[in-house]
Amino acid sequence: MMSIASHLVVVVTMLVAAVAVAESDMLQDVCVADLSNAVKVNGYTCKASTQVTPEDFYFQGLASVAVTSNSSTGSVVTGANVEKLPGLNTLGLSMSRIDYAPNGLNPPHMHPRASEIIFVLEGQLYVGFVTTAGKLIARYLNKGDVFVFPKGLLHFQKNTAKSAPASVLAAFDSQLPGTQSLVASLFGALPDDILGKAFQIKPKQIKKIKSRFPAKK
């Protein structure tokens, strides 16, 4: 049986470990991202305080409905992350607006660095995510509803209306959540033999799908 001293050692060790992995507190009021500096240390370097302006903390990009007619999937994501709003640097949060054409889809994707919460501005949506056990957690949403997508899990949103658009506001616990599209990542990057084996499809089918998702250099 463990002694009181042994229990104290375990508790102290756990506390030290928890502190070590937690985010550190801010060491200054703000650290506005210097987007012109190519050097990154797990984030952007800070502008000189004398160069900080109110515009670093201001963004109008989420006010307007995006044009979805040019989107192949019928959805457009407008991000308000650190790349658009430098004042977010080191604050650990960001937002996006997602607009959907009638029957539009925000295809299956994941955010490796953030959980996401959405608020339905207009319309009706079918949304969901898939757990690592392969279980689909999904439901229908209406105007004013809120839904959460856990960090790193595959998720989607689809406008269920055939004649009306939809829009949501999304918030993230990261200044730059990152987005990895399932189909684009697989068919835009992986070799044909890997895809053929994984999906049990023929080279001709792979080539046809890959033509829609050119590889990134």
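Residues numbered from 1 in each chain as written. Predicted model: local features only at pLDDT ≥ 70, side-chain atom pairs only at ≥ 80, totals over all residues. Heavy atoms only, no water.

The name recorded for the protein in an unreviewed UniProt entry is Germin-like protein, from Arabis nemorensis. Listed under Sequence similarities (unreviewed entry) in UniProt, the entry text for the protein is "Belongs to the germin family." A UniProt comment under Subcellular location (unreviewed entry) is attached to the protein, and it reads "Secreted, Extracellular space, Apoplast". (UniProt positions renumbered as here; feature names shortened; annotations may be inferred.)

K.L.:
If you had to explain the layout of surface pockets to someone new, which residues and values would you point to?
P.N.:
Put simply, the second largest pocket is a space of about 750 Å³. Lining the second largest pocket are 34 residues, and of these Val77, His109, Thr179, Gln180 and Ser181 lie nearest its centre. The set of elements that each furnish at least two residues to the lining of the second largest pocket consists of strand S1 (75-80), strand S2 (94-100), strand S3 (105-110), strand S10 (180-181) and helix H2 (182-189). Per-element tally for the lining of the second largest pocket: the top contributor is S1, with five residues. Of the residues in the lining of the second largest pocket, the class split is 13 nonpolar, 17 polar and four charged. Summarising the domain contributions, the lining of the second largest pocket has at least three residues from each of domain 1 (54-178) and domain 2 (181-216). (1 Å grid on protein atoms, 1.4 Å probe; cavity = no way out; pocket = protein on both sides within 12 Å on 5 of 7 lines; lining within 4 Å. Points joined across faces, edges and corners; volume = space filled by probe spheres on them. Helix = DSSP H or I, 4+ residues; strand = E, 2+ residues; numbered from the N terminus. Nonpolar A, V, L, I, M, F, W, Y, C, P; charged D, E, K, R; others polar. Domains from an automatic or database assignment.)

K.L.:
Quick one: what's the story with the pairing of S3, residue by residue and with numbers?
P.N.:
Bridge analysis of S3 against strand S8 (residues 155-159) gives three bridges, and the strand direction is antiparallel. In the strand pairing of S8, Leu105 is matched with Lys158. In this sheet, S10 lies alongside S3 in antiparallel orientation, the contact comprising two bridges. Directly across from Met110, in S10, lies its bridge partner Gln180. (Pairing = 2+ DSSP bridges.)

K.L.:
Describe in detail the pattern of salt bridges, supporting the description with residues and values.
P.N.:
Per the counting criterion, the structure on display carries four salt bridges. Across the pair Lys143 and Glu122 runs a salt bridge, and its minimum N-O distance is 3.3 Å. Of this pair, Lys143 sits in the loop between strand S6 (136-141) and strand S7 (146-149) while Glu122 sits in strand S4 (residues 116-122); the two residues are 21 residues apart in sequence, bridging distant segments of the chain. For Lys143, a relative accessible area of 55% puts it in the exposed group. Between Lys210 and Asp192 there is a salt bridge whose closest N-O contact spans 2.7 Å. Pair noted here: Lys210 is in helix H4 (residues 203-210) and Asp192 is in helix H3 (residues 192-199), with a separation of 18 residues, a long-range link. Judged by its relative accessible area of 39%, Asp192 falls in the partly exposed class. (Salt bridge = Lys/Arg side-chain N within 4 Å of Asp/Glu carboxyl O. Buried < 20%, exposed > 50% of the residue type's maximum accessible area, 1.4 Å probe, protein only.)

K.L.:
I'd like to hear about the sheet that holds S8, residue by residue, with values.
P.N.:
The strand order across the open sheet built from five strands is S6-S5-S8-S3-S10, with neighbouring strands paired in antiparallel fashion. Looking at which strands have only one partner, the edges of the open sheet turn out to be S6 and S10. Across five bridges, the pairing between strand S5 (residues 125-130) and S8 is antiparallel. Residue pairing in the sheet places Phe129 in a bridge with His155 of S8.

K.L.:
Tell me about the packing of aromatic side chains, and name the residues and values.
P.N.:
Enumeration over the complete set of coordinates arrives at five aromatic pairs. Centroid distance Tyr126 to Tyr140: 4.7 Å. Interplanar angle 40°. Geometry classified as tilted. One end of the pair, Tyr126, is in strand S5; the other, Tyr140, is in strand S6, with 14 residues separating them in the sequence. Looking at Tyr126, the relative accessible area reads 24%, which means it is partly exposed. (Phe/Tyr/Trp six-rings, centres within 6.5 Å; stacked < 30°, edge-to-face > 60°.)

K.L.:
Quick rundown of the nonpolar core? Include the residues and the values.
P.N.:
With 16 residues, the main nonpolar core has Ile118, Leu125, Val127, Phe147 and Val168 as its most contacted residues. Residue contributions to this core peak at four residues, all from strand S9 (residues 166-172). If we skip the residues at most four places from it in the chain, Val127 touches Ile118, Ile137, Ala138, Arg139, Leu141, Phe147, Phe149, Phe156 and Gln157. Core analysis: the second largest hydrophobic core is formed by five residues, Ala33, Tyr44, Val82 and Leu88 among them. (Core = buried A, V, L, I, M, F, W, Y, C linked by side-chain atoms within 4.5 Å. Contact = heavy atoms within 4.5 Å.)

K.L.:
How would you summarise unusual backbone geometry if you had to cite specific residues and measurements?
P.N.:
We note that Thr90 has phi near 75°; this positive angle belongs to a residue other than glycine. With respect to the helices, strands and loops of the structure, Thr90 is situated in the loop between S1 and S2. A positive phi angle, close to 55°, is found at Gln200, a residue other than glycine. By secondary structure assignment, the location of Gln200 is in the loop between H3 and H4. Of the residues examined, Gln200 reaches a relative accessible area of 66% and is grouped as exposed.

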